[in-house]
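Listed here are the chains, written in short residue letters.
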Amino acid sequence: MNAPAATNRNFRHAARILGLDSKLEKSLSIPFREIKVECTFPKDDGTLASYAGFRIQNARGPMKGGIRYHSEVDPDEVNALAQLMTWKTTVADGIILP
C-alpha cells in the first residue's frame, strides 16, 4: 500500500471513530493549498537538470514539502505527509477540528 492510500485509510477509520460528519471528512481530506515549483540547475558537464518541488497545506497547520525536492517524489506523497502533519499538530495542540 502506498503512502496516500494508507493515510486516507487511516483518516477514514479515525473519522468514523470520532463520528465526523461526511461533509467535514471530505473537506479535511482535500488539500487547502498546493504549490509546485521547478528549479533548473546547471550540472558540472554543462547540461541543465530540472527538479520539481511540492509544498502542500492541508486543512490547518504547517505546509509540508520544502525538503521534497527529488526526482522520484510526487504530489500524492507530499499530500500524504501534509495530512499526517495536520493530524499530528492537531493532536499535539489538543484542538478538535470544527
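Everything quoted here is computed from the prediction, not taken from an experiment. (Residues numbered from 1 in each chain as written. Predicted model: local features only at pLDDT ≥ 70, side-chain atom pairs only at ≥ 80, totals over all residues. Heavy atoms only, no water.)

**Student:** Where do I start with the side chain of Asn-79 in this structure?
**Tutor:** By the element assignment, Asn-79 lies in helix H3 (residues 75-93). For Asn-79, a relative accessible area of 15% translates into the label buried. If sequence neighbours within four positions are ignored, Asn-79 has contacts with Pro-31 and Ile-56. (Helix = DSSP H or I, 4+ residues; strand = E, 2+ residues; numbered from the N terminus. Buried < 20%, exposed > 50% of the residue type's maximum accessible area, 1.4 Å probe, protein only. Contact = heavy atoms within 4.5 Å.)

**Student:** Any chance you could explain the nonpolar core here in plain terms?
**Tutor:** For soluble globular proteins, nonpolar side chains are generally found buried alongside one another. Counting residues in hydrophobic clusters, the biggest one holds five residues: Phe-54, Ile-56, Val-73, Val-78 and Ala-82. If you list the elements that add at least two residues to this core, you get strand E2 (48-57) and H3. (Core = buried A, V, L, I, M, F, W, Y, C linked by side-chain atoms within 4.5 Å.)

**Student:** Even after reading the chapter, I still don't get the pairing of E2, so can you show me in this structure?
**Tutor:** The side chains of a regular strand alternate between the sheet's two faces. Bridging between strand E1 (residues 33-42) and E2 involves ten bridges; their strand directions are antiparallel. Residue pairing for E2: Val-37 is matched across the bridge by Gly-53. Counting the residues in the hairpin turn of E1 and E2 gives five residues, including Gly-46, whose phi is positive at 95 degrees. (Pairing = 2+ DSSP bridges.)

**Student:** Explain the environment of Glu-34 to me, please; I cannot follow it from the model alone.
**Tutor:** Positionally, Glu-34 belongs in strand E1. Distance in space between the C-alpha atoms of Glu-34 and Gln-57 is 6.4 Å, their sequence separation being 23 residues. Those residues in contact with Glu-34 that lie beyond four places of it in its chain are Arg-55 and Ile-56.

**Student:** Which parts of the structure should I look at to understand the environment of Pro-75?
**Tutor:** Looking at where Pro-75 falls in the secondary structure, it is placed in helix H3. Separated by 19 residues in sequence, Pro-75 and Ile-56 place their C-alpha atoms 8.0 Å apart. Filtering out sequence-adjacent residues up to four positions away, Pro-75 remains in contact with Phe-54 and Ile-56.

**Student:** Would you take a moment to explain the packing of helix H1 (residues 3-18) against helix H2 (residues 22-29) for this structure?
**Tutor:** Helix packing geometry: the angle between the two helix axes and the distance between the axes. Close contact between H1 and H2 brings their axes to 11 Å; oriented N to C, the two are set at 150 degrees. Judged on the interaxial angle alone, H2 and H1 are roughly antiparallel. In the packing of H1 onto H2, the handedness of the crossing is right-handed. Facing H1, whose interface residues are Phe-11, Arg-12 and Ala-15, H2 presents Glu-25, Leu-28 and Ser-29. Residues belonging to the contact of H1 with H2 are distributed by class as follows: three nonpolar, one polar and two charged. (Axes fitted to C-alpha atoms, helices over the stretch in contact; angles between N-to-C directions. Parallel < 35°, antiparallel > 145°, perpendicular 65-115°, else oblique. Left-handed = near helix turned anticlockwise from the far one by under 90°. Nonpolar A, V, L, I, M, F, W, Y, C, P; charged D, E, K, R; others polar.)

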